[in-house]
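As a plain string of letters, each chain reads:
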Amino acid sequence: MTEASAHPRRRVRLAFAEASRDLAAPLARALEAAGFDAMIAGGDNEADVMLVCWTPAGVASDSVNLEAARARKAKKLAAVLLAPCAPPASFGHPLADLSAWRGDPSAREILPLVHALHAQVSKRPFSGGLWKSDYLSWGGLGAATLGLVAIIANLGGLTQTIGGLVDPAASQRALSATDAKVEEVLTLLKQKSPSSLSADAEAALRDSIERLLAAQDGARGQAASKLESGDLDGARMALQTAAREGEKVIAGLSETWLEIGALAYLSDTFGAINAYKRASQLNPENAQTFSMLGSLYMRVGRIDEAQQAFEQMMNVADTDSTMARALGNLGVAAMARGELDQAEQYFGDSLEVNTRAGDLGGQGQDLNDLGEIYRVKGQFAKAEDYMRRALKLATEAGHPEGMANVQLRLGRLAADRGRIAEATASYTRSREISEALGDSEGMSAAMNSLAEIEFNRGRIDAASKIVEQSLALAQEVSARESEAFAHGLIGEIAEKRGEMNAAIEHYREARTIYTDIGMADTAAPFVDMLARVGATPSPEGPEN
């Protein structure tokens, strides 16, 4: 085997807006120099990586966004920033910012991208020397670990920490401040104090003095030196400086956890929940963090926790737009509980705020939510009016997620009215938009509805094929309500085919999920359905 065949050149295709060709061409040459086969046209099916080149024109380009969606679905997506812009968050964080790069293939700025691409195509996160590159930074792999090291450094404890690991005796010496020294400094500070200290305050001050005297380096060590000379103000200033630097580090960590949450949002629901929770702990004033956290809790059916997140979002909202989103989110949680009047009130309040702020996208979402309330209440004509207005606004605002959601609800409305062809068309459009966005949860919801139509038409095999795909998508992102619906329909299909054991298994799973996510009314009919297919009580479980 030759050297070339043992290590074939990896193929990278660049996706970019035509107006950005002059920016993409130097990047292609730089990647060729780095050992890749860089293609700037065609060959996307054969490429190992689709590298999306984000520029303002690329962000606005339907074709670039569609290529990015297809690449993400094929697990070949990578991205780079070639000009200052705000790429769609759903496609994740760019591997590198080359907006200031001038086309030199040997320039330092290109190295992080080369390392990251080699790591992606080789499936080895630390290949290509990534571990020693600048890519391993606040926005990259290991950011949380670096952040913790920075906190230690900023608080003056890094030397002590490392020294203590190498030489335990050094750590012991650092902590050997004598009681006499602590008392000496405490007495000095008390003499300088214009008022007496309570017993609790004196105990707290003594503990602080002891900890500071044990610190020998950094800002804490400087504060200790100030204390020993009785300079209380100087010690406080040294600690305030350290605290400010520490807050900067914490802010950086919060942003990193937000990035981790955004990257996990579409494929790892619980990983995203953990990331957004950590971000909210580090920065409890970021309303968007609570919005994302609440939506993830809604996805997995944890309604109480979702409501708490949305209430916290409302508490920290500092703009009309943010307040409107918080109100709308609270309406979604109320609707999930079946509290339709409360939900209607929230959606109406949100619409009022969004109208005042001139937010067309927000108005469209509120109208869509109100339309769903009226559909559930049986006010079909009013529901359709609101949903059609919502679709128009979502289209004008360029909000594809909103368009997909309205189409899904228009499909349900048409099905309620017996307009099956109309319902099928709306569900299909919703699925197509969700697929282009790479939204597994949206695709699953639309496919569940399409499968239900096929089942009701007696097309059992077609229904089975669609709902099995829907279940896989729902499980991929832990979309619990969609997962429960799919299990219920698969159970009905199994019952229709006379496969009673399979029907019992899926009915039981659907009932369990609906119960777990607080949808007791939806879970209740499965008791009779299980009895109908021959499930009986068992000492080892609910049914056998």
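For the structure itself, consult the block above.
Residues numbered from 1 in each chain as written. Predicted model: local features only at pLDDT ≥ 70, side-chain atom pairs only at ≥ 80, totals over all residues. Heavy atoms only, no water.

1. Structural notes on the overall build of the protein chain
Where we set the bar: Helix numbers and strand numbers start at the N terminus; a helix is a DSSP run of H or I with at least 4 residues, a strand a run of E with at least 2. Burial classification: accessible surface area is computed with a 1.4 Å probe over protein chains only, and a residue below 20% of its type maximum counts as buried, one above 50% as exposed, and the rest as partly exposed. Here the open area of atoms and residues is found with the Shrake-Rupley method and a 1.4 Å probe, where only the protein chains shown may cover a residue.
Looking only at helices and strands, the protein chain features 27 helices and four strands. When burial is assessed residue by residue, the protein chain has 44% of its 544 residues classed as buried. Surface accessibility of the protein chain: about 27,200 Å² in total, with carbon and sulfur atoms responsible for 52%.

2. Looking at the pairing of strand β1 (residues 10-15)
Put simply, the rule is: A strand pair is defined by DSSP finding two or more bridges across the two strands.
Strand direction decides the pairing type here: β1 and strand β2 (residues 36-39), joined by four bridges, are parallel. Counted as the bridge partner of V12 is A38 from β2. Bridging between β1 and strand β3 (residues 49-54) involves four bridges; their strand directions are parallel. If you follow L14 over to β3, its bridge partner there is L51.

3. Considering helix α14 (residues 287-299)
Because each turn of an α-helix spans 3.6 residues, side chains separated by three or four positions end up pointing in the same direction. The following threshold applies: Helix span, expected: 1.5 Å multiplied by one less than the number of residues in the helix. In protein, a polar contact requires one atom able to donate a hydrogen and another able to accept it; more generally it is a pair of N or O atoms within 3.5 Å, and residues adjacent in sequence count only if both atoms are side-chain atoms.
Over its 13 residues, α14 extends 19 Å from the first C-alpha to the last, a length consistent with the 18 Å expected when each residue adds 1.5 Å. With 11 of 13 residues buried, α14 is to be regarded as a mostly interior element. For α14, the complete set of buried residues consists of A287, T289, F290, S291, M292, L293, G294, L296, Y297, M298 and R299. Taking the backbone nitrogen of Q288 as reference, a side-chain oxygen 3.0 Å away marks N286 as the first, capping residue of α14. Among the residues trailing α14, G301 stands out with phi positive, at a value near 80°.

4. A word on the environment of E492
As for its placement among the helices and strands, E492 is situated in helix α24 (residues 480-496). Through-space distance from the C-alpha of E492 to that of V533 is 9.9 Å; in sequence the pair is 41 residues apart.

5. Re the nonpolar core
When a protein is soluble and globular, its nonpolar side chains tend to lie buried together. As a reminder, the rule being used: The set of buried Ala, Val, Leu, Ile, Met, Phe, Trp, Tyr and Cys residues whose side-chain atoms join them within 4.5 Å is what this entry labels a nonpolar core. Contact between two residues is taken to exist if any of their heavy atoms lie within 4.5 Å; hydrogens are not considered.
If you look at the biggest cluster of nonpolar residues, it comprises 27 residues, and the most contacted ones within it are L14, L27, L31, L51, V80, L113 and L117. Every element with two or more residues in this core is listed here: β1, α2 (21-33), β2, β3, β4 (77-81) and α5 (111-122). Not counting chain neighbours up to four residues away, the residues in contact with L27 comprise L14, L51, C53, V80, L82, L98, W101, I110 and L113. Grouped together as the second largest cluster of nonpolar side chains are 24 residues, L340, Y374, L391 and V406 included.

6. What to know about the sheet that holds β1
The condition that has to hold: For helices, the fitted axis covers only the stretch in contact; all axes are lines through C-alpha atoms, and the angles between them, taken along N-to-C directions, range from 0 to 180 degrees.
Here we have four strands laid out as an open sheet, ordered β2-β1-β3-β4, and parallel in their pairing. In this open sheet, the two edge strands, each paired with only one partner strand, are β2 and β4. With strand direction ignored, the average angle separating the axes of adjacent strands in the sheet is 30°. Each of β1, β2, β3 and β4 touches α2; the most contacted strand, β2, lies at about 160° to it. Where helix α4 (residues 62-73) meets the sheet, its contacts fall on β1, β3 and β4, and the angle it forms with β3 comes to roughly 145°.

7. Focus on the environment of R508
With respect to the helices, strands and loops of the structure, R508 is situated in helix α25 (residues 500-516). Residue R508 is classed as partly exposed on the basis of its relative accessible area, which comes to 28%. Taking C-alpha positions, R508 is 9.7 Å from A484, a pair spaced 24 residues apart along the chain.

8. With respect to the packing of aromatic side chains
Definition in use: Note on ring pairs: Phe, Tyr and Trp rings are taken, using the six-membered ring of Trp, and paired if centres are within 6.5 Å. Classes follow the plane angle, with under 30 degrees stacked, over 60 edge-to-face and the rest tilted. Only when the NZ of Lys or the CZ of Arg is both within 6 Å of the ring centre and within 35 degrees of the ring normal is a charge said to sit over the ring.
Applying the stated criterion across every chain yields a total of three aromatic pairs. Centre to centre, the rings of Y374 and Y386 are 5.2 Å apart; their planes meet at 70°, and the pair counts as edge-to-face. Taken together, the residues Y374 in helix α18 (residues 360-376) and Y386 in helix α19 (residues 380-396) connect sequence positions 12 residues apart. Assessed through its relative accessible area of 4%, Y374 is described here as buried. We classify Y386 as buried; its relative accessible area is 16%. Each member of the aromatic cluster is reached from another via a ring pair, and the members are Y507, Y514 and F526. A cation sits over an aromatic face here: R389 above Y386, 5.1 Å from the ring centre.

9. Examining unusual backbone geometry
The phi angle at K75 is positive, at roughly 60°, despite the residue not being glycine. Mapped onto the fold, K75 is located in the loop between α4 and β4. Unusually for a residue other than glycine, S478 sits at a positive phi of about 60°. Along the chain, S478 turns up in the loop between α23 (460-477) and α24. Its relative accessible area of 16% is what places S478 among the buried residues.

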